[in-house]
Amino acid sequence: MHYFIGDLGHLFVITSFISALIASFAYLKATTVLDLVKQEAWRSNGKVSFYLHAASVLGICVTLFVIISNHYFEYHYAYNYSDKKLPTYYLISTFWNGQEGSFLLWMFWHAVLGIIIILTNKFWEAPVMTVFSLVQAFLASMILGVVIPGLEFKIGSSPFILLREAMHDAPIFKAQPEFIPKDGQGLNPLLQNYWMVIHPPTLFLGFALTVVPFSYCIAGLWLKKYSDWIRPALPWTLIGCGVLGLGILMGGYWAYETLNFGGYWNWDPVENAVYVPWLILVASLHTMITYKNSETALKASIILVISVFIGILYSTFLTRSGILGESSVHSFTDLGLSGQLLMYLLVFLIGSIVISAIRWKQIPFTEKEASTYSREFWIFIGATTLCLMGFQVLAGTSIPVVNTILSNLGFEKKLAPPTDAVAFYSKFQIWFAIAVGILSAVGQFFWWKKIDRKVLMNQLFIPATAALLVSLLAVNIFKVFNLSYALMMLAGFFTVFANAKILFGLLKSSPSLSGGAIAHIGVGLMLIGVMFSAGYSRVVSLNNTGLQISKEFSEEFNRDNLLLFIHEPRTMWGFEIEYLGERLEPRYHSGFIRTSDVHETEDQNLVVAKRELKVGSKKYNQNDTIVVQGENTFFEIELRKGDKKYKLFPRAQINPEMGGLLASPDIYRAVTADLYTHVSSVMDPSEEAEWSKLEEMKVKQAQEFFANDYVGILESVDRIYNVFGLELGDQDVAVKARVRIQGEKGDYIAEPIFLIRDKMVGRIPDEISDLGVRITLMNIHPETNEFSLGINTRQKDWVVIKAMEKPFINVLWIGTLVLMVGFGVAATRRIREFKKMKAKGLE
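Right, let's walk through the structure included here. (Residues numbered from 1 in each chain as written. Predicted model: local features only at pLDDT ≥ 70, side-chain atom pairs only at ≥ 80, totals over all residues. Heavy atoms only, no water.)

**Side note on the packing of aromatic side chains**
Right, on to step 1. Going through the model one piece at a time under the given rule, you end up with 46 aromatic pairs.
Right, on to step 2. Relative to Phe 132, the ring of Phe 50 has its centre 6.1 Å away and its plane inclined at 65°; by these criteria the two rings are edge-to-face. One end of the pair, Phe 50, is in helix H2 (residues 36–69); the other, Phe 132, is in helix H6 (residues 125–141), with 82 residues separating them in the sequence.
Right, on to step 3. Accessibility expressed as a relative area gives 0% for Phe 132, which makes it buried.
Right, on to step 4. A ring pair is formed by Trp 267 and Tyr 425, whose centres lie 5.3 Å apart and whose planes are at 25°; its orientation type is stacked. Placement of Trp 267 in the loop between helix H10 (230–258) and helix H11 (269–294) and of Tyr 425 in helix H16 (residues 421–442) is noted, with a sequence separation of 158 residues between them. Tyr 425 shares its class with Trp 267; the two are buried.
Right, on to step 5. One aromatic cluster is present, formed by Tyr 194, Trp 195, Tyr 253, Tyr 256, Tyr 264, Tyr 676 and Trp 813 through successive ring pairs. (Phe/Tyr/Trp six-rings, centres within 6.5 Å; stacked < 30°, edge-to-face > 60°. Helix = DSSP H or I, 4+ residues; strand = E, 2+ residues; numbered from the N terminus. Buried < 20%, exposed > 50% of the residue type's maximum accessible area, 1.4 Å probe, protein only.)

Listed below in structure tokens is the structure:
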């Protein structure tokens, strides 16, 4: 039992919590005392305390990773989320797989950002770090895992609890308190994806970045510097918009590659809970820019910046309190933190409301009415649209919360969540998206003063005409006859052309000002990509045979899915398509292995090569043991068009604990569309196959014979001394035949065994699943130098697939990249401005 590392980690947790509280208090004193000497002393204390906190957070990370990487399965976290077979990069993913680890990841980014603030902005350091450190203290309390004596109230859930403490009622620990499992439960197979290595850190960095403008805003209200906080907070807001947006998009791409619902966004409550704060963050960015340039929308900026951070806390409460129940596939189970999470949310919500209310009348505002032809007016309309866009999603997502409140108040009647979430949210969001597209185009032509109407019309004429012409062309070519879809496409093209015109002018005069235009071009491309890839996605795996796949399946399933028998070509999406068989994936390198080329063992993750194999760049000799991802089966599907061939390897796993068949798609990517293919039904390996009656034949070595219409040859018969790890005695005899079968796509090897042990005869047949053939070495005839082979046949292997066309989805992905570039250019400009102000002593 490795007690020391866990005790050390827990010490780091307690130190991080206490040091964050001390840092917050010290910075509070540094802000409020008037004596400059004491002020500097308190500020130094705060800085040292926060550095200690950051070091403690790093210590927690290191100790937890030591536990995971060294497979200390006596710890609940390591046992629950990892196993010995995971490669290093997936062991890193297990770090944030659980609630405690994800809180820790969030804390880590907070610690990094806090150090950056301390090092870069001494002018705002004390008040901002007062708020920042308090937020961090609340976050640290989530992994504290301390029970208050007498009250029996638990604060937080520690990642360093022992397995026996988490499973104290398990009989094994009552009998053997020092019991350590040999292996862990492993990482959820859906999370064993490279996006899960980079998506969560990016998303949590986005979460962490929202606290920076919030801290500046609260510090500004506290010190009555009502507008001064905008300038230092603006670069952080821009970076936050980019990073949080990137994290959301990574999650969408992970879902597209890994899940099988047929897209990248499913309006899941957890997806929505992150999407809404990002919309408000983007809205706050625009109002902050408005104030910086025209001194309007200050109050709106304050409300929105506070709302972003509160929204992040609310999303945390939704996903981690267990309140969503079964309504989300992403939500964590409740670890008893719901009350603590609610307190976390209410403290900062009430505190923000109170300080805003106290200062509200003192916050400067302009009574000048914004002109309809001014940029600030259109930005305000755009920010309002984004907020309404978020509110509509928030209202539907919060139904479980509302129902819980009603239930606690004694009301039996509850609100019903939308039965079709995609339809419910999309029918509203599409109109908001159209409005955003138009505003992104028109608003860019306004500067911070009133523009002449005639000048505006002249500026908009060429982009609007180009957008209209291209849209009319697209409507006729691609049959876009749905009004809302056509308008969304028009808004996207309008945004692209309008901002391209502005970008062209800026690149000649002021390239550093081009961030907004680039970002809005990205928005326009995303609107076009979403419209086509989601609105005109279509099933192409239609069953045109007139025969049902199975009476057990629904009419829709039988219509939209294609049954493929091995080596029986069909046509689909202009391709000849052929199922080539089941494949296994090596655990530690790329490539695929035909299941018929290996022997299974008692361990599903270990197979033995029947022949020399080259898998990717790795070579294996006959009888080599290969480590595979045994829980996964891949289905090789070949697409052919003329001389060109493409391979797809959709994945499936039969997992009763997770609802049966878990399928992940594979995607053929073309310039104009993706072919998104996943497995819908597979042969259940637990079901006994219906074999034909045994056909016995006598063959000699090197003699050819027929098996299920395939030509076979008995290559050799050799004595062996070990049968799958079973040692044989001196009186025991075992021989293994090596039979080669010529299939449509290459040769296959079968190695049946004839065994005499303890004077009893045993026969171990070998199956070539791709060909539906099972071969048994029935007997040996030394007098004639012949061997009796038994041949059984069955129905060929099959798989049912569903394939969808995703037109112009690359436009969406290109749009996301362009949007990120725009945020990057804009953030770079604001950082340079901040450095210039700092050099002048104004920051």
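Continuing now.
**Comments concerning the pairing of strand S29 (residues 773–781)**
Right, on to step 1. Taken together, the three bridges between strand S28 (residues 766–768) and S29 define a ladder with antiparallel strand orientation. Bridged to Ile 768 within S29 is Val 773.
Right, on to step 2. Joining the antiparallel neighbours S28 and S29 is a turn of four residues, in which Gly 772 adopts a positive phi near 70°.
Right, on to step 3. Strand direction decides the pairing type here: S29 and strand S30 (residues 786–793), joined by eight bridges, are antiparallel. Opposite Ile 780, over in S30, you have Phe 787 as the bridge partner. (Pairing = 2+ DSSP bridges.)

**Topic: the sheet that holds S30**
Right, on to step 1. Strand order across the open sheet formed by four strands is S19-S30-S29-S28, with antiparallel pairing between neighbours. If you trace the sheet from one side to the other, it starts and ends with strand S19 (695–699) and S28, each paired once. Neighbour-to-neighbour, the strand axes of this sheet turn through a mean angle of 30°, independent of strand direction. (Axes fitted to C-alpha atoms, helices over the stretch in contact; angles between N-to-C directions.)

**With respect to the sheet that holds strand S8 (residues 598–600)**
Right, on to step 1. Ordered in space as S8-S9-S12, the three strands form an open sheet in which the pairing is antiparallel. Whereas interior strands pair on both sides, the edge strands pair on one side only; in this sheet they are S8 and strand S12 (625–627). Taken pair by pair, the neighbouring strands of this sheet meet at an average axis angle of 40°, ignoring direction.
Right, on to step 2. As judged from the three bridges shared by strand S9 (residues 606–609) and S12, these two strands associate in the antiparallel manner. Bridge assignment links Val 607 to a residue of S12, and that residue is Ile 626.

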